[in-house]
Amino acid sequence: MIKQKFRQTAGGVINREKSISFTFNNKRLYGYDGDTLASALLANGIHLVSRSFKTHRARGIMSAGTEEAGAIVQISKNTPKSQPNMRATEVLIYDGLAAQSVNAWPSVKFDIASINKLFSKYLFAGFYYKTFMWPKSFWKLLYEPMIRQMGGLGKCDIINDDREYERNNDFFDLVIIGAGKAGLEYAEQFLRTHKTKDHSIFDKQSTNDTTLKILLVDENPLLYLNKERIQKLGKEINVLTHTTVFGYYDNNYLCAVEHVNSSKIDQRIWHITAKQVVLATGAIERPFVFKNNDLPGIMLANSVQTYISRFGVRCGKDAVVFTNNDSAYQVAFDMKAAGINVKAIIDIRKTSPFEGRTDIPIFTQSVILEAQGKNHIKSVTVSQIKSDEQSVYRVKQIISCDLLAVSSGWTPSVHLHSQAGGKLSFDDDKACFVPTTTEQNNVSIGACNGDFSFDISSISKKWEIENGIGKSSYVDFLEDVSALDIRIAAKEGMSSVELLKRYTTVGMGVDQGKTSNVNAIGILANALDKPIDLVGTTRFRAPYTCVNFGALAGKELGDLLDPVRTTPIHDWHVDHGAVFEDVGQWKRPWYFPRTHESMQETLNRECLAVRTSVGMMDASTLGKIDIQGKDSGKFLDLIYTNMFSSLKVGSVKYGLMCHEDGMIFDDGVTAKIAENHYYMTTTTGGAANVLDWMEYWLQTEYPDWEVYLTSITEQYCAIAVSGPHVKKVMKHVFPEESFSNESFTFMTSKDILLNGINIRVLRISFTGELAFELHVPSYHGKEIWEQVYQAGKPYAITPYGTETMHILRAEKGFIIAGQETDGSVTPLDLDMNWIVSKKKDFLGKRSFLRKDTSRKNRKKLVGIITKDPKVVLPEGAQLVKDPHGSIPVNMEGHVTSSYYSATLKRSIALALINGGLENKGKTLYAPIEGSIIPVEVTSPVFYDPKGDRQHAE
Amino acid sequence: MLIIKCPYCGDREETEFSYGGENKKRPADPYSLSDKEWAEYLFFKKNTVGWHNELWNHSHGCRRWFSIERHTVTNEIKQSTPSQLSMEENI
């Protein structure tokens, strides 16, 4: 095994018994169980991990946590476990882990695109907005492909993710986010001072006497946390470690991702509703903004400490510490204790409280002007600040080092507080944004509330070290945004941080600006000469860290993506070669092609079979509602535009429903089964809406009416049998019944008992042929379908699908709600005045009196035939009077339905046009894709206009 | 995800419900209104910022309509009222 040069002989929480082998850029390396990819790389002396987004500058590991903006890697490239844009600080190593640099080709050390650096003075703020504007045609051909090639970080592999994810929902009385110092103390204190069943803490009225449900969450694996204290807490409360709360939504609704990493489950998404949330999310250290501050080997001070204490890893040999506050001193002492040669502490402040208390040289009132190095830091240039606090002395000192630990202050992690609607204000003494008011039941404690465990009050507030105008003083390492970019943006009028963000892309990388936002705001405030509070922060949005799409999808993949509804006859359709159509969640047979038959050939055959012999269709998806109660008739009179209360028992009527604005929203037939008992059918797609709509009126306006509505869509199959030979088929199925026009008249229904099965037979027709609909209890649906099919065999009974149904009804000019109507069509627009009662009131009637609904030139239903009978218009085609008129041409209307009719041996269409049938016989034009198709306006009833066929004996 | 209290079933997740819009009083006699007044009822909503009385339907539950007071900025929900009662209150 290769020696890990930078690993200390002891220390850390890693398991030194268990060596882990992994690869980085195909090079085999070793770390220990418990290492992150970052700590294992550092143990091997590797800092340079990736190349930056735009300028391809060298990027190293700069932190030890979620704030990482430098070390971005791709894991398991070209495998089903591939994950782009992972932070090396968050990836736990395991045997066989393969990690790769992003944005580097051919290698991270020699990256060809880093030639961009030479052009970097052209990659200025607002670059995308300014550069790729002209000529327009270049965008698609040149700019976009070029940007796509150069930009981006990791590559998304187009391979199915084979990891397992799951989702868990839970409710908690109290959720504590963060098991650091503040979070742990809070949890322990809570358990000491409260009874575990005292629900009155969260809900004064509660009579619940169960044990309080409390959850403690932390994004770190248990290994890195205060294990003993957490394990002790775990006996009384729920603990989730290695779990990141990434979203805080209304009503204290939290989303978290748990990294389970077991053999079965990779990640688990938690949806949590909490009565009270305690945010103890800590704070993130800020880097300094100076020239070449992005070089590998420059790290946040506290992360250098983390690598020592958690992993026993030294991040360098010769170090310099650069700070503006007290917190970095302890880091320097720990570094020294770990054997790192700390050559100097550079402190911006006039005095340091540690002067004389350490043998490390302290340079007060000094700054690092720049760092030197190519792929790694080699030295820093230090200078003293003059007493005017604006400029520096010309005397400079160069200190060679391979590690620079920086701390320019602390940013409380207020993301969740802000996501929850909480407000922030800038605390001038602490130089950070702290939470003020909250909108939900939450409280911030500890560092995320600005309550640090060290004295921050003496912090110096210098947002950037100005050394001339340096392009390479970086604010956002991930998005390559420099201090200069921010100054340019300010000069160009980006006066608020929201504008700045969009213009420069600061804070828009995969780290979402955890280390860069406050520095950017500070520099912008300086440039605008405004107080920071007036510049403000951008609104924090979920997710706090990157979340896999796979984790969000969970188990809802493939067949489980969306529920599929099938009718009880579905298997028969599959067996008979049906092609299915999705109608909402329903699978409906679209057509039944025979071998080598095209779709149009199938439709022709199916249509002609119904017109000349007999066909059958599964209409089970129709919505079905059972309506009972003494006020049922009165209620239907309210809902439908025509009268139902006067219907005789055993009769069936077609009805239209309108919303209060007078526009049609559904239709269907309703049978009167008995006194005060109706059986309603609705369109397939409208079933749920119709039920909600009817319940609405019953429950809100007419609660005293006695009407009971029951959805029985799934309880009944509907089989439509249609064609000149239908009576013979029916007679065969129901030998006891008479189907003569006298004994079973059109628009009536009968409940017929067949072998103990009650079948509701309706004599109605949606094809214009003699037709019956058999409504069968679902359990027997397939059995009765099969019986009808067998009985029809002597007449070559033909199963048909929705497409043939559409053609047949269009030949008759029958509308489909949702096709001929679109929420702007009244019954009068469809010339269906015959169905609009003048005797009674109904929903929508008042609106027919409105000027707009009663005006003459409304779009109304007509038939359309193309002059060339072979041409089938596309549905939605616009119709115009003058195809050569000047643009914009007046649109007369549009085609709502269009088919080829085998019966009529020509194409037919329905359309809604200005003035409707007043235009009968006139020629209109459909301009389609360069050609102009002349059409003629006709009656919408193309076949059997007198309607004799459905009444045939 | 809102937790909405159905007056019949208790606290349930938002996904069980469908939204019914502003709880508007329906005019007792639409025919006595001018077209303008009728259009106000049909097409115009208050678009309230703050406490909003609105209708919901427990469509994937008991199927009852009811009204709640919801704050349109914070999404806080104050109370829920069965539909009949809320309509009577409106009158």
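Predicted model only: the values in this text are computed from it and were never measured.

## Some thoughts on the domain arrangement of chain A
Many structure descriptions define interface size as the accessible area lost when the parts assemble. All names here are of chain A. According to the domain assignment, chain A contains domain 1 (15-119), domain 2 (290-408), domain 3 (570-621 + 715-809), domain 4 (623-711) and domain 5 (856-953). On a C-alpha basis, the centroid separation for the pair domain 1 and domain 2 is 25 Å. Taken together, the contact pairs 22 residues of domain 1 with 18 residues of domain 2. Regarding the contact of domain 1 and domain 2, the summed buried area is about 1,500 Å², with carbon and sulfur atoms giving 55% of it. Here domain 1 is connected to domain 2 by two salt bridges.

## Here's the deal with helix H10 (residues 483-491) of chain A
Residues and elements named next belong to chain A. By the burial criterion, the buried members of H10 are Ala483, Asp485, Ile486, Ala489 and Ala490. All buried residues of H10 lie within an arc of 160° about the axis, which places them on one face of the element. Its buried side turned inward, H10 meets strand S27 (474-476), strand S28 (481-482), helix H11 (497-504) and helix H12 (517-528). In the segment just after H10, Gly493 is the residue with positive phi, at about 100°.

## Regarding the interface of chain B and chain A
With 27 residues of chain B at the interface, the matching set in chain A holds 30 residues. The largest share of the area that chain B buries against chain A comes from B:Arg26, B:Tyr31 and B:Arg63, three residues that together contribute 26% of it. Linking chain B to chain A there are three salt bridges. Between the two partners, chain B and chain A, sit 17 residue pairs in polar contact (both at pLDDT 80 or more). Listed by contribution, the elements that provide at least two residues to the side of chain B that touches chain A are helix H1 (35-43), strand S4 (51-57) and helix H2 (83-90) of chain B. Among the elements that take part in the side of chain B that touches chain A, H1(B) stands out by supplying five residues, more than any other.

## Remarks on helix H5 (residues 181-193) of chain A
Residue and element names in this part refer to chain A. Here H5 is 13 residues long and its end C-alpha atoms lie 18 Å apart, about the 18 Å a rise of 1.5 Å per residue gives. Taken residue by residue, H5 has Gly183, Leu184, Ala187, Glu188, Phe190 and Leu191 as its buried positions. The buried residues of H5 occupy one face: seen down the axis, they fall within an arc of 155°. Relative to its buried face, H5 has exposed residues pointing more than 90 degrees away, namely Lys181 and Arg192. Structurally, H5 contributes buried residues whose contacts are with strand S8 (165-177), strand S9 (214-217) and helix H6 (227-233).

## Focus: the nonpolar core
All names here are of chain A. By size, the foremost hydrophobic cluster in this structure holds 49 residues, and its most contacted members are Phe22, Phe24, Leu37, Leu41, Ile61, Tyr307 and Met335. No other element matches helix H1 (residues 37-43), which puts six residues into this core. Both domain 1 (15-119) and domain 2 (290-408) contribute no fewer than three residues apiece to this core. The contact partners of Met335, leaving out residues within four places of it in the chain, are Val304, Ile308, Ala319, Val321, Ile340, Val342, Leu403 and Ala405. Formed by 34 residues, the second largest nonpolar core is a distinct cluster that contains Ala447, Ala490, Tyr503 and Phe540.

Reading guide: rules and limits
- Residues numbered from 1 in each chain as written.
- Chains lettered and ligands numbered in written order.
- Predicted model: local features only at pLDDT ≥ 70, side-chain atom pairs only at ≥ 80, totals over all residues.
- Heavy atoms only, no water.
- Domains from an automatic or database assignment.
- Contact = heavy atoms within 4.5 Å.
- Buried area = accessible area lost by both parts, 1.4 Å probe.
- Salt bridge = Lys/Arg side-chain N within 4 Å of Asp/Glu carboxyl O.
- Buried < 20%, exposed > 50% of the residue type's maximum accessible area, 1.4 Å probe, protein only.
- Helix = DSSP H or I, 4+ residues; strand = E, 2+ residues; numbered from the N terminus.
- Arc of directions from axis to C-beta.
- Polar contact = N/O pair within 3.5 Å; in protein donor to acceptor, adjacent residues only side chain to side chain.
- Expected span 1.5 Å × (residues − 1).
- Core = buried A, V, L, I, M, F, W, Y, C linked by side-chain atoms within 4.5 Å.

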